Amino acid sequence: MSAYLYDSAIIQKFNRWTENTNVHIYGPEQTRQLFEIIADTKKDKPIELPIITIVRPGGYQIINTNKRPLTYDGRYVTTNDNGERYTLQLNGIPIQLEYQINVYARKYREADAYMRELVFNLINYPELQITIPYHGSNIVHNCSIEISSTVEDNSAIPERMVVGQFTRLSLSISLVDAYLWDTRLKPYLTLEGGLVIVSSDTDVVTEDLDLTFKDDTTT
């Protein structure tokens, strides 16, 4: 399970916060060609602001590159697949992901108000919940969002095609306790008397490929 799980979780979190506003959220995949996407969608009509983009500028950092028990013999979870019991082995490698949150609006005052709401929500509700789907088991992992101490006004960016077209404020965030996940399914054999044996001979490796924001009471 790759970094896209975290991309999706952040997009969902921001969508919950802004569901009662007129803000449009664009995730890492979309923001790579943001203005082309908007132009194609709107057929060259004026861009509808405000917009919040979530950008992952690079890849990610591997925190520990050494072999450890977690990387090859990690967490075990019992699961059911069509009535048959299996043990799901979940291996992990710790990583750190960095994102840039950009707020676009027509006027500075509006962009500043949206960024203020984001800062409050990110500080008060920093938990990010990741769901790892595999063979009917939705395994939940929690990590935390840390924000930088600086909000940058970088309105003079290349995408600014007309002077005064919009204001852009940016904030950097990083994820703590994030992992790359590897899942392995093992047959679950049971003998009478309650003795349980997990077979290790048939590992199967698979990767499933208004202005005020809403309070996030469910992270």
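Draft legend 1. The packing of aromatic side chains, seen in detail. Tallied over the full model, the rule gives 2 aromatic pairs. Taking 5.3 Å as the distance between ring centres and 35 degrees as the angle between the ring planes, the aromatic pair formed by F14 and W17 counts as tilted. Here W17 and F14 lie together in helix α1 (residues 4-18), a separation of 3 residues that amounts to about one turn. A relative accessible area of 0% means that F14 is categorised as buried. Judged by its relative accessible area of 1%, W17 falls in the buried class.

Draft legend 2. The environment of N66, seen in detail. Here N66 shows up in the loop between β3 (61-62) and α4 (69-72). It is 9.3 Å that separates the C-alpha atoms of N66 and I93, two residues lying 27 residues apart in sequence.

Draft legend 3. Quick peek at a nonpolar patch on the surface. On the surface, a cluster of nonpolar side chains totalling about 240 Å² of accessible area is made up of Y60, I62 and I93. Turning to its location among the elements, I93 is positioned in strand β5 (residues 84-105). A residue is classified by how much of its surface remains accessible, and I93, at 31% relative accessible area, is partly exposed.

What counts and what doesn't
Residue positions within a chain follow its written sequence, with the count starting from 1. Side-chain atom pairs in this predicted model are given and counted only at pLDDT of 80 or more, local residue features only at pLDDT of at least 70, and totals for whole chains, interfaces and linings cover all residues. Side-chain metrics rest on all non-hydrogen atoms present in the structure, leaving aside hydrogens and water. Stacked, edge-to-face and tilted labels apply to pairs of Phe, Tyr and Trp rings (six-membered ring for Trp) whose centres lie within 6.5 Å, assigned for plane angles under 30 degrees, over 60, and everything in between, in that order. Only DSSP runs of H or I reaching four residues or more are called helices, and only runs of E reaching two or more are called strands; each is numbered from the N terminus. Exposed residues in this analysis have more than 50% of their type's maximum accessible area, buried residues have under 20%, and partly exposed residues fall in between, with area computed by a 1.4 Å probe over protein chains only. A patch is a set of surface residues, each over 30% in relative accessible area and not in a salt bridge, joined within 9 Å for like charges and within 5 Å for the nonpolar side chains Val, Leu, Ile, Met, Phe, Trp and Tyr. Method for areas: the Shrake-Rupley scheme with a 1.4 Å probe, in which residue coverage is limited to the protein chains shown. Salt-bridge detection follows one rule: a side-chain nitrogen of Lys or Arg within 4 Å of a carboxyl oxygen of Asp or Glu.

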